[in-house]
Amino acid sequence: MWHFRLWDVQDVAVFLSIALYMCHLAGAISIHSPQRSLTRSVQEDVFFSVDVNCSGIHTIQWTFMSGVVSRTIGTWQPGGFTNITVDYSSRVQPHDNGSMGLSDLRLQDGGYYVITVTDATGNSKDAGHVLKVNEVLYEDLQYLSVSALALACIAGLLMLAMWLLDKVYRRIVAWRRRKQMPENDATELQPL
Ligand SMILES: *[C@@H]1O[C@H](CO)[C@@H](O)[C@H](O)[C@H]1NC(C)=O
Ligand SMILES: *[C@@H]1O[C@H](CO)[C@@H](O)[C@H](O)[C@H]1NC(C)=O
């Protein structure tokens with residue numbers, strides 16, 4: 001009887017430790033992000049794609065860092081509350097898997113974006129992403145179109161000037177011919 005009971009207790013202990021180990025594994029947070037470094041241009045959108053694996057209730061927080069600046073973009077719980085900072089509220093789209101979309105990029109958006117996942121017991125893990133924002137395209141295009149227009153105008157003026165000069169030259173030649181006509185032979189008046 002005692003012997004049997006002792007085994008029972010041992011079994012339960014082993015079972016409990018296995019169960020605890022499994023719980024610990026399940027509680028481990030994993031953050032998978034296929035792309036950690038992104039480059040976009042001003043006014044474009046960016047999508048920080050991540051896939052958070054964490055059992056139970058957990059909180060996702062995104063933080064922006066650049067130089068000495070560090071500010072919270074938003075905090076949300078999958079299937080629960082969503083709290084996006086006022087400055088970002090119109091540009092940020094939160095997703096349950098932890099992903100975050102940020103639209104209408106500005107030059108100042110370039111920097112580090114850190115996602116922090118905190119589980120119900122307070123354990124947390126984070127992953128950083130780098131975003132580079134280029135200003136080029138728009139201004140370059142504007143500059144190009146302005147210079148193309150200026151070149152076209154100059155070309156047009158040159159063509160007009162050449163046409164006018166040609167006309168004047170022909171007139172002068174015709175006038176000279178007419179002046180010389182009486183002294184010339186009839187053979188020289190043949191059309192060229
Ligand atoms: C996360 O979810 C979004 C929206 O449902 C999806 O577009 C994105 O691909 C997901 N990310 C990953 C890494 O699975
Ligand atoms: C939302 O987040 C801001 C800053 O991150 C915080 O000050 C505010 O208390 C939060 N609001 C709620 C309802 O949790």
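Residues numbered from 1 in each chain as written. Chains lettered and ligands numbered in written order. Predicted model: local features only at pLDDT ≥ 70, side-chain atom pairs only at ≥ 80, totals over all residues. Heavy atoms only, no water.

Caption draft 1: Structural context of the overall build of the protein. Along the backbone of the protein there are two helices and ten strands. Each of the 192 residues in the protein was classed as buried or not, and the buried ones make up 22%. Residue pairs at least 24 apart in sequence account for 52% of intrachain contacts in the protein once pairs closer than 6 positions are excluded. Summed over all atoms, the accessible surface of the protein reaches about 14,400 Å², with 62% contributed by carbon and sulfur. (Helix = DSSP H or I, 4+ residues; strand = E, 2+ residues; numbered from the N terminus. Buried < 20%, exposed > 50% of the residue type's maximum accessible area, 1.4 Å probe, protein only. Contact = heavy atoms within 4.5 Å. Areas by Shrake-Rupley, 256 points an atom, 1.4 Å probe, with all protein chains shown as cover.)

Caption draft 2: Representation of the side chain of D109 within the structure. Take D109: it is sitting in the loop between β8 (98–102) and β9 (111–119). Residue D109 is classed as buried on the basis of its relative accessible area of 3%.

Caption draft 3: Structural detail: the packing of aromatic side chains. Tallied over the entire structure, the rule returns three aromatic pairs. Relative to W62, the ring of F48 lies with its centre 5.4 Å away and its plane at 35°, an arrangement referred to as tilted. With F48 in strand β3 (residues 46–53) and W62 in strand β4 (residues 58–66), this pair connects stretches of sequence that are 14 residues apart. A relative accessible area of 0% means that W62 is categorised as buried. The class for F48 is buried, based on a relative accessible area of 1%. In textbook terms, an aromatic cluster arises when at least three aromatic residues are bridged by ring pairs, as seen for F48, W62, F64 and Y113. (Phe/Tyr/Trp six-rings, centres within 6.5 Å; stacked < 30°, edge-to-face > 60°.)

Caption draft 4: Region of the structure containing the UniProt feature "transmembrane region" (unreviewed entry) in the protein. Per the UniProt record, "transmembrane region" (unreviewed entry) is annotated on residues 12–31 and 141–165. The span residues 141–165 is 100% helical and 0% strand by assignment, and the distance between its end C-alpha atoms comes to 36 Å. (UniProt positions renumbered as here; feature names shortened; annotations may be inferred.)

Caption draft 5: The arrangement of the sheet that holds β3 in detail. Pairing is antiparallel in the open sheet, where four strands are placed in the order β1-β3-β8-β7. Unpaired on one side and paired on the other, β1 (30–32) and β7 (92–94) mark the two borders of the sheet. For this sheet, the mean inter-axis angle between neighbouring strands, taken without regard to orientation, is 20°. When β3 meets β8, the two strands line up antiparallel, connected through four bridges. Residue pairing across strands places D51 opposite G98, the latter belonging to β8. (Pairing = 2+ DSSP bridges. Axes fitted to C-alpha atoms, helices over the stretch in contact; angles between N-to-C directions.)

Caption draft 6: Seen up close, the site of ligand 1. Residues in close proximity to ligand 1 include F47, S49, V50, D51, H95, N97 and S99, which together make up its full environment. Within the side chain of S49, a nitrogen or oxygen atom sits 3.0 Å from a nitrogen atom of ligand 1. A distance of 3.4 Å separates a nitrogen atom of ligand 1 from a polar backbone atom of V50. Starting from 360 Å² of accessible surface for ligand 1 in isolation, the protein chains cover 53%. It is β3 that provides the largest number of residues to the shell around ligand 1, a total of four residues. (Near = heavy atom within 4 Å. Polar contact = N/O pair within 3.5 Å; in protein donor to acceptor, adjacent residues only side chain to side chain.)

Caption draft 7: Spatial organisation of the nonpolar core. With 25 residues, the main nonpolar core has W62, Y113 and I115 as its most contacted residues. Looking at this core, the elements with two or more residues in it are β3, β4, β5 (69–76), β8, β9 and β10 (124–134). No other element matches β3, which puts four residues into this core. Residues within four places of Y113 in sequence aside, it is in contact with F48, W62, T63, F64, I73, M100, L102, A127, G128, H129 and L131. (Core = buried A, V, L, I, M, F, W, Y, C linked by side-chain atoms within 4.5 Å.)

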